Amino acid sequence: MEEHTAARHKSGGETKQHFVDALLTSKEKYELSEVTIIGLLWDMIHAGIDTTIISIEWAMVELIKNPRVQQKAQEELDRAIGYERVMTESDFPNLPYLRCVVKEAERLHPPLPLMLPHKANSNVKIGGYDIPKGSIVHVNVWAMGRDPKIWKNPTEFRPERFLEEDVDMKGHDFRLLPFGAGRRVCPGAQLGINLMTSMLGHLLHHFSWSLPEGVKSEEIDMSGNPGIMSFMRTPLQAVAKLRLPAHL
Ligand code: HEM
């Protein structure tokens with residue numbers, strides 16, 4: 001905070017287009033204290049880090065349990081990038097299968113399975129049910145992602161389903177809502193998707209992933225920790241084998 005405030009003074013109040021600066025610019029208008037600004041920054045850090053880490057761990061376990069999918073994603077990375085350089089964000093448009101892997105992981109393993117609690121601010125009727133004003137409402141996006149009425153073979157990890165039918169996951173298609181929807185939709189959704197695409201892309205391009213010797217796929221504990229954020233109950237243990245030249 002001190003560094004940012006000092007930099008603003010030095011530049012004569014000229015603003016950079018980033019989050020800290022936006023908050024400092026709005027400080028007077030919204031009567032934001034320094035403590036509030038620091039609290040908001042921590043909120044963003046907490047909301048952005050755990051959700052992304054959890055999503056990556058679940059995606060990796062599915063890629064290890066499904067070597068066909070892992071190999072197909074790696075073939076796509078090899079075709080689009082080759083073996084002489086590392087992936088960058090500008091490669092994303094050429095990696096449609098990898099982007100479907102991200103989506104499929106979010107369908108089966110949304111890190112916030114019940115989203116965040118919402119409060120009805122008036123009496124509403126949804127799907128024939130009366131929701132009285134003041135009720136706390138949870139939306140079970142985990143169950144929606146596995147509903148056999150919506151998804152064919154719902155428990156199968158098959159990213160191809162999204163090549164066959166493109167389904168939005170940023171709050172516009174109510175079949176898939178890992179980031180929520182509406183006024184309180186996740187403001188970091190696109191950043192979260194980009195982070196996942198980047199991390200999974202690097203992990204798969206650089207390494208092949210398997211289970212430690214002697215561990216069978218069906219022995220992996222696929223249960224999640226109870227709570228708002230659903231980490232894997234038993235942390236994943238995996239073995240990485242280098243695929244790219246070590247200097248990369
Ligand atoms: C894969 C990654 C992520 C997932 C799955 C995710 C999911 C969610 C969900 C389900 C909500 C609640 C939406 C609702 O109740 O309607 C939420 C809220 C939020 N997320 Fe994310 N998120 C992710 C990444 C991020 C990132 C990277 C940031 C910021 C850097 C972020 C910041 C927030 C904030 C600040 C809220 C609260 C918004 C509000 O209450 O108005 N999230 N997220």
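Conventions and cut-offs
- Sequence order as written defines the numbering, with residues in each chain counted from 1.
- In keeping with the model being predicted, local features are shown solely for residues with a pLDDT of at least 70 and side-chain atom pairs are shown and tallied solely at 80 or more, while totals for entire chains, interfaces and linings include all residues.
- Only hydrogens and water are removed before side-chain values are computed, so all heavy atoms of the structure are retained for them.
- Distances up to 2.8 Å from the metal define which N, O and S atoms are donors, and 3.2 Å serves for Na, K and Ca; water is absent from the atom set, so sites may look incomplete.
- Elements are defined by DSSP. Helices are runs of H or I of four residues or more, strands are runs of E of two residues or more, and each kind is numbered from the N terminus.
- By definition here, a salt bridge exists when the distance from a side-chain nitrogen of Lys or Arg to a carboxyl oxygen of Asp or Glu is within 4 Å.
- Each residue carries a pLDDT score, the predictor's confidence in it, ranging from 0 to 100.
- A patch consists of residues exposed above 30% relative accessible area that lack any salt bridge, with like charges linked at up to 9 Å and nonpolar side chains (Val, Leu, Ile, Met, Phe, Trp, Tyr) linked at up to 5 Å.
- Residue burial considers only the protein chains on display, and all accessible areas are found by Shrake-Rupley using a 1.4 Å probe.
- Exposure categories follow from relative accessible area, calculated using a 1.4 Å probe and restricted to protein chains: below 20% of the type maximum is buried, above 50% is exposed, and the middle band is partly exposed.

Looking at the coordination of the iron atom of the ligand
For the iron atom of the ligand, the protein contributes exactly one donor atom, Cys186 (SG), at 2.3 Å. Tracing the sequence through the fold places cysteine 186 in the loop between helix H7 (161-164) and helix H8 (189-206).

Some words on the pattern of salt bridges
As enumerated under the stated definition, the model contains 11 salt bridges in all. Linking aspartate 91 and arginine 85 is a salt bridge whose minimum nitrogen-to-oxygen distance equals 2.9 Å. One salt bridge in this structure joins glutamate 164 and arginine 158, with 3.1 Å as the shortest N-O distance. The network of salt bridges with common partners includes Arg68, Lys72 and Glu160.

Some points on the confidence of the model for the protein chain
Caution applies to low-pLDDT parts of the model: their predicted coordinates are not meant to be read in detail. Of the residues in the protein chain, 98% have a pLDDT of 70 or more, and the chain-wide mean is 94. As a predicted assembly, this complex carries a pTM of 0.92 together with an ipTM value of 0.99.

With respect to a nonpolar patch on the surface
Taken together, the side chains of Ile38, Trp42, Ile45, Ile49, Ile53 and Phe231 define a hydrophobic patch exposed on the protein surface, amounting to about 520 Å² of accessible area. As for its placement among the helices and strands, isoleucine 49 is situated in helix H3 (residues 34-65). A relative accessible area of 42% means that isoleucine 49 is categorised as partly exposed.

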